[in-house]
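One letter stands for each residue in the lines below.
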Amino acid sequence: MLITAGVFFVILSILILIHEVGHFLSAKKLGIKVEEFGFGLPPRIYGKKIGETIYSLNALPIGGFVKLFGEEWGEDEKNKKKLGKRLEKRAFYARSVWQKSLVLLSGVGMNFLLAVIIISYLFNLGVMVPVDRLHIEKVLPGSPAAAVGLQEKDLIKKMIIPKMNQEKKVIDFNIVEIKEGNTLIKTTKEHLGEQIILIIERNGQELSVNIIPRKDYPSDEGPMGIVISNYEEKRYPFWQAPILGIKESIIMSYELAKGIAKTIWKLVTFQPVAKDVAGPIGIAQMTGQAVQTGYMAVLQLLGLLSLNLAIVNALPFPALDGGRLVFVIIEGITGKKIRTHWERYIHQAGMVVLLALMLLVTLNDLLRIFSK
């Protein structure tokens, strides 16, 4: 439990910190003054000023934040007069539309980049991919498969079904090519209690095995008593993995975006959302499952959540980066800046709505847990 909680907070911190690092680096590169880069959320425990930026450690150990100089001043003429032209040029509000857009989108970009790096690493390390052959993953003790000597990693190539005449003599054979699990399962269930011949490949050699699939078998086992799979581990070279990582990240982002759009539509039309929509509690549960599976599962979850955070933050909704970008685009089209206090009120209202949605998703998590 403690390990799961620790990993959960580490994952959230990485996701939000990497997002804020994007804002921080782009602002620094463009010469925008960064007043503070905070690890965790206020209140502040400790802070040290290095150069012109305060690097702070804060009480709530989740994520972080970047405070940009002039981020909220907008059309405050009094502050402009106090600053002077040289310092005002370093304010966020004084920058061009493209520079503001770059700073706002850099957090999303860093989350996407993190996902690409993780997925590329997993491709290089080895991922399970579907193949056109079927192998045995496990032979269950006391089963027909165990009795005839089937072993793990055996490739099942063919099933040979003897055809009998009325005198129960073999007159012909029906040969079934096996390339995926459904064919094996369907054919086996059609011949329960009958002797069939499996052609398997073991260590590069073909063998024939006679087996009788049982009619009566435990609910968690099959007629033969084997666990089968047509997924095998494949490792991609370091030069190819990033290409596949980018491609897979784009595909996953598209699927996630469709799912998020569907969920939002259901929420605004007061329809029940899918049970698999997860909030903080659901993510904590997934973290626990990933921890039990291993570090690769934790990395997969981190990559998926990073993509999810990128997509959510890019939504054109107040309080999110996408919502702030909308105001910047309006400013670029009209040539007029929206009054700071109006923008602030809209973002605050957006934050209230987001918190309410978070509450609804959390309730959905609780209902899913307690309905089991």
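Computed from a predicted model, the values in this text were never measured in an experiment.

### Re the overall build of the protein
Looking only at helices and strands, the protein has eleven helices and eight strands in total. For the protein, the proportion of its 372 residues judged to be buried stands at 39%. When contacts within the protein are restricted to residue pairs at least 6 apart in sequence, long-range pairs at least 24 apart make up 63% of them. For the protein, the exposed surface amounts to about 22300 Å²; the carbon and sulfur share of it is 63%.

### Notes on a nonpolar patch on the surface
Residues Val353, Leu357, Leu359, Leu360 and Leu363 make up a contiguous nonpolar surface patch of roughly 410 Å² in combined accessible area. For Leu359, the position within the fold is in helix α11 (residues 340-370). Note on Leu359: relative accessible area 53%, which makes it exposed.

### Quick notes on the pattern of salt bridges
If you walk through the whole model with that rule in mind, you get eleven salt bridges. The partner of Arg90 in a salt bridge is Glu52, and the shortest N-O contact between them spans 2.6 Å. Residue Arg90 is found in the loop between α3 (85-88) and α4 (97-125), and its partner Glu52 is found in the loop between β1 (34-50) and β2 (53-68); the two are separated by 38 residues along the sequence. Using a relative accessible area of 23% as the deciding quantity, one classes Arg90 as partly exposed. The exposure class assigned to Glu52 is partly exposed, which follows from its relative accessible area of 25%. Between Glu331 and Lys100 there is a salt bridge, and its shortest N-O distance comes to 3.1 Å. Taken as a pair, Glu331 in helix α10 (residues 321-334) and Lys100 in helix α4 lie far apart in primary sequence, 231 residues in all.

### Things to note about the packing of helix α1 (residues 2-30) against helix α9 (residues 295-314)
At a closest axis distance of 10 Å, the pairing of α1 and α9 adopts a crossing angle of 45°. Relative to α9, the element α1 is oriented oblique. Regarding α1 and α9, the two cross each other, and that crossing is right-handed. Along the contact surface, α1 presents Val7, Ile11, Ile14, Leu15, Ile16 and His19, while α9 presents Val298, Leu301, Leu302, Leu305, Ser306, Leu309 and Asn313.

### Brief notes about the environment of Phe238
Among the structural elements, Phe238 can be located in the loop between β8 (226-234) and α7 (241-268). Residues Phe238 and Tyr121, 117 residues apart in the sequence, show an inter-C-alpha distance of 8.3 Å.

### Describing helix α6 (residues 181-189)
Taken as a whole, α6 has its buried residues at Gly181, Leu184, Thr187 and Thr188. What you see down the axis of α6 is that its buried residues fit within an arc of 145°, all on one side. Counted as exposed and oriented over 90 degrees from the buried face of α6: Asn182 and Lys186. On its buried face, α6 sits against β3 (127-139), β4 (155-164), β5 (170-177) and β8. Where α6 begins, one side-chain oxygen reaches toward the backbone nitrogen of Asn182, 2.9 Å away; that side chain belongs to Glu180.

### What to know about the packing of aromatic side chains
Overall, the coordinates contain five aromatic pairs when judged by the stated rule. Their ring planes at 65° and their centres at 5.6 Å tell us that Phe8 and Phe9 sit as a pair that is edge-to-face. By the ring-pair criterion, three or more aromatic residues cluster together here, those being Phe24, Phe37 and Tyr55. Above the plane of the ring of Phe69 lies Lys33, whose end atom (NZ or CZ) is 5.3 Å from the centre.

### Topic: the layout of surface pockets
Regions of empty space are outlined by a rolling probe, equal in size to a water molecule, passed over the atoms. Roughly 370 Å³ of volume is contained in the second largest pocket. Around the second largest pocket sit 15 residues that line it, and Ile119, Leu122, Met252, Gln300 and Leu301 are the ones nearest its centre. Mapped by element, the contributors of at least two residues to the lining of the second largest pocket are α4, β3, α7, α8 (280-293) and α9. Tallying contributions element by element places α9 first for the lining of the second largest pocket, with five residues. In the lining of the second largest pocket, the residues fall into twelve nonpolar, two polar and one charged.

### Some remarks on the confidence of the model for the protein
In this model, the protein carries a mean pLDDT of 85, and residues with pLDDT of at least 70 account for 90%. Predicted confidence in the protein is weakest over helix α2 (residues 77-83), with a mean pLDDT of 56, and strongest over α4, with 94.

### Topic: the environment of Val103
Its place among the elements puts Val103 in helix α4. Residue Val103 is classed as buried on the basis of its relative accessible area, which comes to 2%. For Val103 and Phe24, which are 79 residues apart along the polypeptide, the C-alpha to C-alpha distance reads 8.1 Å. Sequence-distant contacts of Val103, that is, excluding residues within four places in its chain, are made with His23, Ser26, Ala27, Leu30, Ile32, Leu68 and Phe92.

Scoring rules and cut-offs
- Residues numbered from 1 in each chain as written.
- Predicted model: local features only at pLDDT ≥ 70, side-chain atom pairs only at ≥ 80, totals over all residues.
- Heavy atoms only, no water.
- Helix = DSSP H or I, 4+ residues; strand = E, 2+ residues; numbered from the N terminus.
- Buried < 20%, exposed > 50% of the residue type's maximum accessible area, 1.4 Å probe, protein only.
- Contact = heavy atoms within 4.5 Å.
- Areas by Shrake-Rupley, 256 points an atom, 1.4 Å probe, with all protein chains shown as cover.
- Patch = residues over 30% accessible without salt bridge, like charges linked within 9 Å, V, L, I, M, F, W, Y side chains within 5 Å.
- Salt bridge = Lys/Arg side-chain N within 4 Å of Asp/Glu carboxyl O.
- Axes fitted to C-alpha atoms, helices over the stretch in contact; angles between N-to-C directions.
- Parallel < 35°, antiparallel > 145°, perpendicular 65-115°, else oblique.
- Left-handed = near helix turned anticlockwise from the far one by under 90°.
- Arc of directions from axis to C-beta.
- Polar contact = N/O pair within 3.5 Å; in protein donor to acceptor, adjacent residues only side chain to side chain.
- Phe/Tyr/Trp six-rings, centres within 6.5 Å; stacked < 30°, edge-to-face > 60°.
- Lys NZ or Arg CZ within 6 Å of the ring centre and 35° of its normal.
- 1 Å grid on protein atoms, 1.4 Å probe; cavity = no way out; pocket = protein on both sides within 12 Å on 5 of 7 lines; lining within 4 Å.
- Points joined across faces, edges and corners; volume = space filled by probe spheres on them.
- Nonpolar A, V, L, I, M, F, W, Y, C, P; charged D, E, K, R; others polar.
- pLDDT = per-residue confidence, 0-100.

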